[in-house]
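Chain by chain, the residues:
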Amino acid sequence: DSFRTLSIGGKTTALGLSQEYGLYRPERNLEGVVFRWTRGEAAWTVNISGKRLLLPVTISHPDAAERPVLVRVSLGGPLMKKAVLLGEAEWTGPGRKILEFEIPPGYSGEGMIGVVVDRTWTPAESGDENDPRRLGAAVEKAEFAGDML
């Protein structure tokens, strides 16, 4: 129908573009793994193709041992419609975790992952005066495991 093809969601899908917000450009860590820093809140498109989500997340807040960092992960349909909280994880120091969540029934195909970090930090305030970005979490590529029914 014409409404669907004229909508932002319809156009981005037809053109093969992804919808995202709150993410900085891709970078590579020392091992060559591609990741993206989030701001305090971020979301990006994915193809939901399994029963479990595996999302590698790294926190680098220099004061995480004194002030733990909480990350919440949500899953929604296109444009984060019908979003549901999958779960959360807390860091009590800098480090990487692979977060694993069950995908609720009814979520498959095009969707979005949302990440909210309870507080951000700025490398410029920690000695890297050339990096004024407000950083939340470093997220790697999301993977889906388990066959869809």
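Every chain begins its residue count from 1, and numbering advances along the sequence as written. Selection of residues for local features in this predicted model requires a pLDDT of at least 70, selection of side-chain atom pairs for listing and counting requires 80 or more, and totals for whole chains, interfaces and linings are taken over all residues. Each side-chain value is worked out from all heavy atoms of the structure, with water and hydrogens disregarded.

### Observations regarding the overall build of the protein
- Along the backbone of the protein there are 2 helices and 10 strands.
- Secondary structure follows DSSP: runs of H or I at least 4 residues long count as helices, runs of E at least 2 residues long count as strands, and numbering of each begins at the N terminus. Of the regular secondary structure in the protein, the N- to C-terminal order runs α-α-β-β-β-β-β-β-β-β-β-β.
- Of the contacts formed within the protein by residues at least 6 apart in sequence, a portion of 68% connects residues at least 24 apart.
- Total accessible area on the protein is roughly 8800 Å²; 53% of this is exposed by carbon and sulfur atoms. We call two residues contacting when some pair of their heavy atoms lies within 4.5 Å. For the area figures, the Shrake-Rupley method with a 1.4 Å probe applies, and any residue is considered shielded solely by the protein chains shown.

### With respect to the pattern of salt bridges
- A pairing counts as a salt bridge when a side-chain nitrogen of Lys or Arg comes within 4 Å of a carboxyl oxygen of Asp or Glu. Inspection of every chain in the model, using the stated rule, returns 9 salt bridges.
- The salt bridge partner of Arg-36 is Glu-20, with a shortest N-O separation of 2.9 Å. Of the two residues, Arg-36 is situated in strand β3 (residues 34–48) and Glu-20 in strand β1 (residues 20–23); the sequence distance between them amounts to 16 residues.
- For every residue, the accessible area obtained with a 1.4 Å probe (protein chains only) is divided by the maximum for its type, and the residue is called buried under 20%, exposed over 50%, and partly exposed between those limits. Glu-20 sits in the partly exposed class, given a relative accessible area of 37%.
- Put simply, Arg-72 and Glu-88 hold a salt bridge, and the shortest N to O gap is 3.2 Å. Highlighted residues: Arg-72 in strand β5 (residues 69–76) and Glu-88 in strand β6 (residues 84–91), separated in sequence by 16 residues.
- Residue classification places Arg-72 among the partly exposed positions, given a relative accessible area of 33%.
- Relative accessible area serves as the criterion here: at 44%, Glu-88 is assigned to the partly exposed category.

### A look at the environment of Ile-113
- With respect to the element layout, Ile-113 can be found in strand β8 (residues 109–117).
- C-alpha of Ile-113 to C-alpha of Leu-85: the two residues are 28 residues apart in sequence and 9.9 Å apart in space.

### Here we look at the side chain of Thr-38
- Residue placement: Thr-38 occurs in strand β3.
- Not counting chain neighbours up to four residues away, the residues in contact with Thr-38 comprise Gly-22, Leu-23, Tyr-24, Val-117, Arg-134, Leu-135, Gly-136, Ala-137 and Val-139.

### What to know about the nonpolar core
- One finds Trp-44, Leu-53, Leu-55, Val-73, Ile-113 and Val-115 to be the most contacted residues of the largest nonpolar core, which totals 28 residues.
- Secondary structure elements with two or more residues in this core: β3, β4 (52–59), β5, β6, β7 (95–102) and β8.
- Setting aside residues up to four positions removed in sequence, Val-115 forms contacts with Gly-40, Glu-41, Ala-42, Trp-44, Leu-55, Val-71, Arg-72 and Val-73.
- Core analysis: the second largest hydrophobic core is formed by 6 residues, Phe-35, Trp-37, Trp-121 and Ala-138 among them. Nonpolar core, defined: a set of buried Ala, Val, Leu, Ile, Met, Phe, Trp, Tyr and Cys residues in which side-chain atoms within 4.5 Å join the residues together.

### Quick word on the confidence of the model for the protein
- Of the residues in the protein, 86% reach a pLDDT of 70 or more, and the chain-wide mean stands at 88.
- Residue-level confidence of the predictor, termed pLDDT, takes values from 0 up to 100. For the protein, helix α1 (residues 2–6) is the element with the lowest average pLDDT, namely 44, and strand β9 (residues 138–139) is the one with the highest, namely 98.
- In this model, residues 1–8 is a region of pLDDT below 50 whose contacts with residues beyond four sequence positions or in other chains number 4 contacts.

### So, the environment of Asn-29
- Its location among the elements puts Asn-29 in the loop between β2 (27–28) and β3.
- Between the alpha carbons of Asn-29 and Ala-138 there is a distance of 10.0 Å; along the sequence they are 109 residues apart.
- Among the polar contacts made by the side chain of Asn-29, one reaches the main-chain amide nitrogen of Glu-31 at a distance of 2.9 Å. N or O atoms closer than or at 3.5 Å make up a polar contact, with two conditions inside protein: a donor-capable atom paired with an acceptor-capable one, and, for residues adjacent in sequence, both atoms drawn from side chains.

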